[in-house]
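Coordinate analysis (summary)
This is what each chain is made of:
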Amino acid sequence: MGLGHEEGFGAPCLKCKEKCRGFELHYWRKICRNCKCGQEEHDIPSSNEEDRKVGKLFEDTKYTTLIAKLKNDGNPMYKRNVMILTNPVPAKNISIDTVTYEWAPPVQNQTLARQYMQMLPKEKQPVAGSEGAQYRKKQLAKQLPAHDQDPSKCHELSPGEVRHMEQFVKKYKKEALGVGDVKLPGEVEVRAPDESNLKNGGGRGTSSAVGAMDKKTPNQKASQYCCYHCKLRMKEGDPAVYAERAGYDKLWHPGCFVCYTCGELLVDMIYFWKNGNLYCGRHYCDSERPRCAGCDELIFSNEYTLAEGQNWHLKHFCCFDCDCVLAGITYIMVNDKPVCKSCYMKNHAVICQGCHNAIDPEVQRVTYNNFNWHATQECFLCSCCSKCLIGQKFISMEGMLFCSVECKGKMMS
Ligand SMILES: [Zn+2]
Ligand SMILES: [Zn+2]
Ligand SMILES: [Zn+2]
Ligand SMILES: [Zn+2]
Ligand SMILES: [Zn+2]
Ligand SMILES: [Zn+2]
Ligand SMILES: [Zn+2]
Ligand SMILES: [Zn+2]
């Protein structure tokens, strides 16, 4: 199935630099075969793959105004609001400065969109070619994994797992998914709490009340509203972000519209609402399903294993270095990843200061100040008189061991 192995092939890793030969997707893990970083760490040129993914996310939701069907294949595409601002510069200067935002809130009023942008930290403003655009791209990959919504992006699912996943996706689209709304607090009609309850608001046309200027009550001062995240008051004239699923009695500073779990700015204001909190797609899904620590996919099979505090598809509890299946064999955790014993001895084992051989993870060893020894009388001994130091007091200097000040003095002089 179309796992898109070719996508981004050869792209340099921004984290590993020249240590990575270029991006090459592992056949079932969602990482680079060469450096083991995620795709999002690589400088993969933008393609419409991201817009396809978000387009698919909004398919069959109330956010279809944000997508367009492609003529050639009928697939939904995300219609991102790209904002190009032209800053007229002093007449003497001939050049005209333009700034392109790769995404901006989809509001009619450009002043509002501009104000929204200015309220984000500079390094998170998605200005084309800037650090902020990189940040947005990375968050798009992390927060909204294609394999959390599209069974064809998952590895070898059974028909039952596909069905299960489709139901899950349908459910979160219906119950949790939303896109933030940017408005001036004075413009929003705040309904009485019992009326704003979304659960039974379906037939009442909640959205039609939203954004309508309430002519009966005088405009309320923005400063009487507090941000749901930081609890600080809103400043007069500043726009706020609203989330329909949360109800219009809640609002956020643009920079406070973040995921409850990872604390990152919700990419393109796409949120999932659950139990009074905003989540990104990844962390909402994590709160609903186990996620395989091997392939990063959500698990829809009843058969999976819990090891080292993480969940794994049975077939994905594998050595991180050679991919051999680890069920029933010895493995060692290295940086939270399981590694088989032979890969461990080859790539990760610590070296004994005494005999300079790799130390088998299953034998006793002594570790002191980042130095290691076999815990044997052949290896853990005084560098001067060869007395075994197991269970004895010792002095350690640059990986050398001494039984006494005298021995140390003899060797160091
Ligand atoms: Zn890397
Ligand atoms: Zn790489
Ligand atoms: Zn705030
Ligand atoms: Zn998150
Ligand atoms: Zn897996
Ligand atoms: Zn291995
Ligand atoms: Zn040794
Ligand atoms: Zn000695």
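Computed from a prediction, not measured in an experiment: that's the story for all the values here.

A closer look at the overall build of the protein
Helix and strand counts for the protein come out as 9 helices and 17 strands. The buried share of the protein, taken over its 413 residues, is 31%. Pairs at least 24 apart in sequence give 40% of the contacts found in the protein among residues at least 6 apart.

Some details on the confidence of the model for the protein
When pLDDT is averaged across the protein, the result is 88; 88% of the residues are at 70 or more. The low-confidence segment residues 192-218 (pLDDT under 50) makes 20 contacts with residues lying over four places distant or belonging to another chain.

Some details on unusual backbone geometry
The backbone phi angle of methionine 269 is positive, close to 60°, even though this residue is not glycine. With 22 C-beta atoms packed within 10 Å, methionine 269 lands in the buried category. One non-glycine residue, aspartate 296, adopts positive backbone phi at about 70°. In this fold, aspartate 296 is placed in the loop between helix H7 (281-288) and strand S10 (304-307).

Focus: the environment of glutamate 398
Along the chain, the position of glutamate 398 falls in the loop between strand S16 (395-397) and strand S17 (400-402). Look at glutamate 398 and you get exposed, because 8 C-beta atoms sit within 10 Å. For the pair glutamate 398 and phenylalanine 371, spaced 27 residues apart in sequence, the C-alpha to C-alpha distance is 8.5 Å.

Examining the sheet that holds strand S9 (residues 277-279)
The antiparallel open sheet is built from 3 strands, whose spatial order is S5-S8-S9. Each edge of the open sheet is held by one strand with a lone partner, namely strand S5 (177-179) and S9. Sheet twist, expressed as the mean angle between neighbouring strand axes with direction ignored, is 45°. Here strand S8 (residues 270-274) runs beside S9; their pairing, made up of 3 bridges, is antiparallel.

Some points on the pairing of S10
With 4 bridges joining them, S10 and strand S11 (residues 310-313) adopt antiparallel strand pairing. Across the sheet, residue leucine 306 finds its bridge partner in S11, namely asparagine 311.

A closer look at the environment of glutamate 24
Tracing the backbone through its elements, the reader meets glutamate 24 in the segment before helix H1 (49-58). Along the primary structure glutamate 24 and glycine 8 are separated by 16 residues, whereas in three dimensions their C-alpha atoms are 7.7 Å apart. When near neighbours in sequence (up to four residues on either side) are disregarded, glutamate 24 contacts Phe9, Cys32, Arg33 and Asn34.

Quick look at the environment of glycine 178
Here glycine 178 is to be found in strand S5. Separated by 92 residues in sequence, glycine 178 and isoleucine 270 have C-alpha atoms that sit 5.9 Å apart. Those residues within four positions of glycine 178 in sequence are excluded, and the remaining contacts are Ala243, Glu244, Arg245, Tyr271 and Trp273.

Digging into the nonpolar core
Counting residues in each nonpolar core, the largest one holds 63 residues, and the members touching the most others are Val241, Leu266, Tyr271 and Cys319. Residues in contact with cysteine 319, not counting those within four places in the same chain, are Cys324, Leu326, Tyr331, Pro338, Val339, Cys340 and Cys343. Of all hydrophobic cores here, the second largest spans 13 residues; its members include Cys352, Ile359, Cys382 and Cys403.

The rules behind the values
Residues numbered from 1 in each chain as written. Chains lettered and ligands numbered in written order. Predicted model: local features only at pLDDT ≥ 70, side-chain atom pairs only at ≥ 80, totals over all residues. Helix = DSSP H or I, 4+ residues; strand = E, 2+ residues; numbered from the N terminus. Buried ≥ 20, exposed ≤ 12 C-beta atoms within 10 Å, placed from the backbone. Contact = placed C-beta atoms within 7 Å. pLDDT = per-residue confidence, 0-100. Pairing = 2+ DSSP bridges. Axes fitted to C-alpha atoms, helices over the stretch in contact; angles between N-to-C directions. Core = buried A, V, L, I, M, F, W, Y, C linked by C-beta atoms within 7 Å.

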